[in-house]
Amino acid sequence: MQHTPEEPECSPRVLMDPACVDTDSIRLVFHNDDDTPVGFVVRLLREVFGKQQRDAVALAEFVWQQGKAVCGPYPPSVAKALIVEAQTRIRAAGFPLLITTEAAGKADTADLSDVQFEYACDALDWHFANFLPGELATTTRHFPAYMRADVQVAIDKLFADPIRFFGAYERHWDEALSFARMKRRGSDAISLVPPQFDEIDTGELAPAKCLRNGLWLCQASEFPYAVVLSHDRELGRETLIRIEIIVPARDTGDSFAQCCFDELEKTIRSACAYRGKIISLDEGAACAGRISGVTLHRLPKVKREDVILPERVLNLLDRSVLGFVDARDELRRLRQSTRKGILLYGPPGTGKTHTVHYLATNLPGYTTLIITTEQLELLGSYMTLARLLQPTMVLIDDVDRTASHSSILTACEAPLLSKLLNEIDGLKEDADILFVLTTNRPDQFEVTLADCHGRIDQAIEIPLPDAASRGKLIRLYSGGLPLEGEIIAEAVRSTEGVSAIFIKELMRRVTQSSVARDGGHSVITADVHEALDDMLFASGRLNAKLLGGPQAIAAGARSGATGAIEPPRKSRRARH
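Treat the numbers as computed from the prediction; the structure is a model and nothing was measured.

Undergrad: Go over empty space enclosed by the protein with me, naming the residues and quoting the values.
TA: This model, assessed by the stated rule, comprises 3 cavities of 30 Å³ or more. Considering the residues around the largest cavity, the lining is formed by R148, V151, Q152, I155, C210, L211, L229, H231 and I241. Contributing elements (two or more residues each) for the lining of the largest cavity: α5 (148–158), β9 (208–211) and β11 (224–232). With 4 residues, the single largest contributor to the lining of the largest cavity is α5. Of the residues that constitute the lining of the largest cavity, the class distribution is 6 nonpolar, 2 polar and 1 charged.

Structural data, given as structure tokens:
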């Protein structure tokens, strides 16, 4: 058989199997040849054998691909009448089409669901064979790329039993695989390929397998329909998941498509693969602003005793966040607002990030969204996700980076900060969304915050560690070093005005000195003094500033200023 008609001068051949004479039913077998057009076979099957257009196309394709296909079975008298009519038409057309007969049971009938298609256009023509192009309509919805795992769950549920399913070859990265695109023929035809999956990390033991694209050919009770999954990708814009449903262009088809999308959205909302996890959105590396997926942050649980802050500060933090969350239901019952904004501020290296990790890992049932200041342009996408995954904590670390180093915000920075504050203000009073912002320089946007009353409900200072906190930090960061009480006391006395991160580095250097002296079996005062000298005095004020040393030394005062550390006396030590 061929797809371009020719008109050879041949006689038709209809061969009768002698075994069919005494049988109760007969099958007619169509055989492939190099001259009979597929279109002629389709017409013959429709007009003589009474096949529907879709089944006729499938059977003709099966003959062309497999070499033969069975039609029937029929009672002998019906088979004889069909053979006579077929023979007449084949002779009139002048094609060498061979049809043989066999007794029913000798061969299996052609399974039309196994008809193979090379191109999407052929599969769609077969599926919608009874409809002209103008009799079909398409409806499209878009979903954010970070919801890919949830969309896959919804698709698997809603389109679980298609007639046929195919993957498709994406020829162009930036051209979505729409129904119109799949209908193209010739050199632009879309090839059908095995399904292609990407593995998406959702924080579970096994990653979620998500389709890159797909074509579903389905059957509703009254009509056929199709579903196309692809992605809309455009430079400088967010990547979107694209779902298109193709139905007959009539009221029942339109209502059916709307019901499908309603069910899809309902399932997506209930799936929420990232609910209760700590996540951030990926920003595309190739072009700014394009979301490519989700990053999960597997933070170890931080216990309260591991948050080294003055007790009054830790108590205020617990009341403002953990206590507030515990009371939310009662607050809502008593018609009080359940939205909240917290600002943690203080010098660099005091443990603000560690503190928010404590909050994130001690809010059961909460989803935490971590937004970097570079991603504030994606705030709209983050807020969509925050509303979907409520209850949610939205964390923006180092929010002062939205401001310039001067006291005046630039034309670009001011709208970003205003947009953030407007998002907080625009939440419904009963929104289960908690904003936590951290900053090293609250003075950079203090005026802006003061002009936006109600956005931030509680500002909490995370101060430089006091003496008690420094003692806890020294023990925490000492690792396996044996520290005697007098050594801890000396280190506490010598580190007034430093940050927590300074103490962490100090203890690493003390450990290095101890290892060099006796393999790390003991710590002496000279180990502490040598580390302090290297960190604060030997390298100049820039090094002290970078390490979070006392402000007086970082500013250039070597000694004698109030609160500054005096340079330690040099000591000679034996080294081994």
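There's more to say after this.
Undergrad: Can you lay out helix α7 (residues 251–271) for me, pointing to particular residues and giving the numbers?
TA: In this model α7 runs 30 Å from its N-terminal to its C-terminal C-alpha over 21 residues, within 8% of the 30 Å that 1.5 Å per residue would give. For α7, the full list of buried residues reads G253, A257, C260, F261, L264, T267 and I268. Buried residues of α7 fall within an arc of 130° about the axis and therefore sit on the same side. Exposed and oriented more than 90 degrees from the buried face of α7 are D251, C259, K266 and S270. Check the buried side of α7 and you find it contacts β5 (136–144), α5 and β12 (240–248). Count one or two residues on from α7 and you reach C272, which has phi positive near 45°.

Undergrad: Can you tell me about the pattern of salt bridges, naming the residues and giving the values?
TA: Within the structure shown, the criterion is met by 25 salt bridges. In this structure, the salt-bridge partner of R509 is E505, at a minimum N-O distance of 2.7 Å. A residue pair is termed a helical-turn pair when its members lie 3 or 4 positions apart in one helix, as R509 and E505 do in helix α16 (residues 500–518) at 4 residues. R509 sits in the partly exposed class, given a relative accessible area of 23%.

Undergrad: Give me the lowdown on the packing of helix α1 (residues 38–47) against helix α2 (residues 53–66), citing residues and values where you can.
TA: At their nearest, the axes of α1 and α2 sit 9 Å apart, and the two run at 135° to each other. Comparing the axis directions of α1 and α2 gives the class oblique. Taken as a pair, α1 and α2 cross one another with a handedness that is right-handed. For the pair α1 and α2, the contacting residues are V38, V41, V42, L45 and R46 in the first and Q53, A56, V57, L59, A60 and W64 in the second. Partitioned by chemical class, the residues of the contact of α1 with α2 number 9 nonpolar, 1 polar and 1 charged.

Cut-offs applied
Residues numbered from 1 in each chain as written. Predicted model: local features only at pLDDT ≥ 70, side-chain atom pairs only at ≥ 80, totals over all residues. Heavy atoms only, no water. 1 Å grid on protein atoms, 1.4 Å probe; cavity = no way out; pocket = protein on both sides within 12 Å on 5 of 7 lines; lining within 4 Å. Points joined across faces, edges and corners; volume = space filled by probe spheres on them. Helix = DSSP H or I, 4+ residues; strand = E, 2+ residues; numbered from the N terminus. Nonpolar A, V, L, I, M, F, W, Y, C, P; charged D, E, K, R; others polar. Expected span 1.5 Å × (residues − 1). Buried < 20%, exposed > 50% of the residue type's maximum accessible area, 1.4 Å probe, protein only. Arc of directions from axis to C-beta. Contact = heavy atoms within 4.5 Å. Salt bridge = Lys/Arg side-chain N within 4 Å of Asp/Glu carboxyl O. Axes fitted to C-alpha atoms, helices over the stretch in contact; angles between N-to-C directions. Parallel < 35°, antiparallel > 145°, perpendicular 65-115°, else oblique. Left-handed = near helix turned anticlockwise from the far one by under 90°.

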